[in-house]
Amino acid sequence: MTPRKRSPKARSNPTGVPSKRTLSGILPNLPNRFSESLLANAKPQSLTEREVLFEAGDVADGCYRLEQGLLKVSITSPQGDERILTILGPGSIVGELAIIDGLPRSATVVAIRDCKLSFISREAFVRCLREYPEIYSDLVSTLVSRLREADKTLAAASFLTVKARVARALLELAEHLGRETESGRIVILHKIRQSDIAAMAGVARENVSRTLAELKRRGLIGQSSSYYFISDKRKLLLETEDIVRADLRI
């Protein structure tokens with residue numbers, strides 16, 4: 001993904017797709033006083049565009065809060081195929097489960113734009129847990145929330161059509177990278193490759209190509225100078241509800 005400078009006239013646009021893992025604290029359901037105690041001693045860290053924060057399999061020594069920039073979270077198959085799990089914007093937390101279980105990183109995180117982050121070590125997290133033992137019940141709620149999130153992701157991969165998954169990927173890109181123009185279009189201010197959309201949707205690039213052509217033909221999206229734009233957000237949101245329909249025979 002190659003970044004493009006923002007237009008000074010561009011204005012922020014909510015896409016209607018909920019933000020992922022954007023939290024006021026370190027983990028969902030945890031009291032702010034706990035998060036504030038950790039962030040008070042957080043260490044600043046910077047990344048340049050395309051720099052790797054960590055890779056899948058790396059030793060996990062803490063988590064990060066993204067203060068500025070954009071991050072891509074992905075996994076890679078043994079054959080080298082990439083699956084983009086999500087894109088994270090300012091306020092998001094990355095690597096949070098590692099501070100609970102201390103296991104190696106489960107995904108690779110790369111900067112899409114220059115980033116500024118705050119690093120919270122697992123050692124500091126454990127130390128705060130000793131100071132606030134009542135937090136353990138909140139951690140259970142946090143883990144349950146993440147399990148539900150994983151269930152929804154699995155359901156999307158199992159039951160949504162290719163078109164629905166591509167639509168979800170476009171809306172997620174627009175959430176973090178989109179700007180609304182005076183004409184009402186939402187322009188995705190990055191040069192997005194079909195392989196990027198395929199990696200986010202978890203489908204073959206050839207299927208993405210056919211789906212994008214159909215969405216363009218129907219006037220839901222468009223493309224200008226290698227930049228995609230959403231022409232009708234409402235109709236594109238409806239496409240995300242399309243499920244695979246199969247005849248059931250007993």
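Predicted model only: the values in this text are computed from it and were never measured.

### A word on the confidence of the model for the protein chain
Atom-level detail of predicted coordinates should not be read off regions where pLDDT is low.
Inference 1: Per-residue pLDDT for the protein chain has a mean of 81; in total, 84% of the residues score no lower than 70.
Inference 2: The secondary structure element of the protein chain with the lowest average pLDDT is strand E2 (residues 11-12), at 40, and the one with the highest is strand E4 (residues 52-54), at 97.
Inference 3: Below pLDDT 50 for its whole length, residues 2-24 participates in 53 contacts with residues either more than four positions away or in separate chains.

### Re the sheet that holds strand E8 (residues 93-94)
Inference 1: Read across the sheet, 4 strands follow the order E3-E10-E5-E8 without closing on themselves; strand pairing throughout is antiparallel. Taken across any chain shown, the strands that pair with only one partner, and hence form the sheet edges, are strand E3 (43-47) and E8.
Inference 2: Looking at chain direction, strand E5 (residues 62-68) and E8 are connected through 2 bridges and run antiparallel. Across the sheet, the residue bridging to Arg65 is Ile93, located in E8.
Inference 3: The sheet contacts of helix H3 (residues 122-131) involve E5 and strand E10 (115-121), and relative to E10 the element is tilted by about 50°.

### So, the pattern of salt bridges
Between side chains of opposite charge, a pair can form when the charged atoms approach closely.
Inference 1: Inspection of every chain in the model, using the stated rule, returns 10 salt bridges.
Inference 2: Among the ionic pairs, Arg218 bridges to Glu214, the shortest N-O distance being 3.5 Å.
Inference 3: Owing to a relative accessible area of 25%, Glu214 belongs among the partly exposed residues under this scheme.
Inference 4: Note that Arg218 is salt-bridged to Glu239, the shortest N-O span being 2.5 Å. In this pair, Arg218 sits in the loop between helix H7 (205-217) and strand E14 (221-224) while Glu239 sits in helix H8 (residues 233-239), placing the two residues 21 residues apart along the sequence.
Inference 5: Using a relative accessible area of 9% as the deciding quantity, one classes Glu239 as buried.

### A short note on the packing of aromatic side chains
Inference 1: Applying the stated criterion to the full structure yields 2 aromatic pairs.
Inference 2: Measuring from centroid to centroid gives 5.0 Å for Tyr64 and Phe119, while their planes differ by 50°, and the two rings are tilted. Taken together, the residues span a long stretch of sequence, with Tyr64 in strand E5 and Phe119 in strand E10 at a distance of 55 residues. Of the two residues, Tyr64 and Phe119, both sit in the buried class.

Parameters at a glance
Residues numbered from 1 in each chain as written. Predicted model: local features only at pLDDT ≥ 70, side-chain atom pairs only at ≥ 80, totals over all residues. Heavy atoms only, no water. pLDDT = per-residue confidence, 0-100. Helix = DSSP H or I, 4+ residues; strand = E, 2+ residues; numbered from the N terminus. Contact = heavy atoms within 4.5 Å. Pairing = 2+ DSSP bridges. Axes fitted to C-alpha atoms, helices over the stretch in contact; angles between N-to-C directions. Salt bridge = Lys/Arg side-chain N within 4 Å of Asp/Glu carboxyl O. Buried < 20%, exposed > 50% of the residue type's maximum accessible area, 1.4 Å probe, protein only. Phe/Tyr/Trp six-rings, centres within 6.5 Å; stacked < 30°, edge-to-face > 60°.

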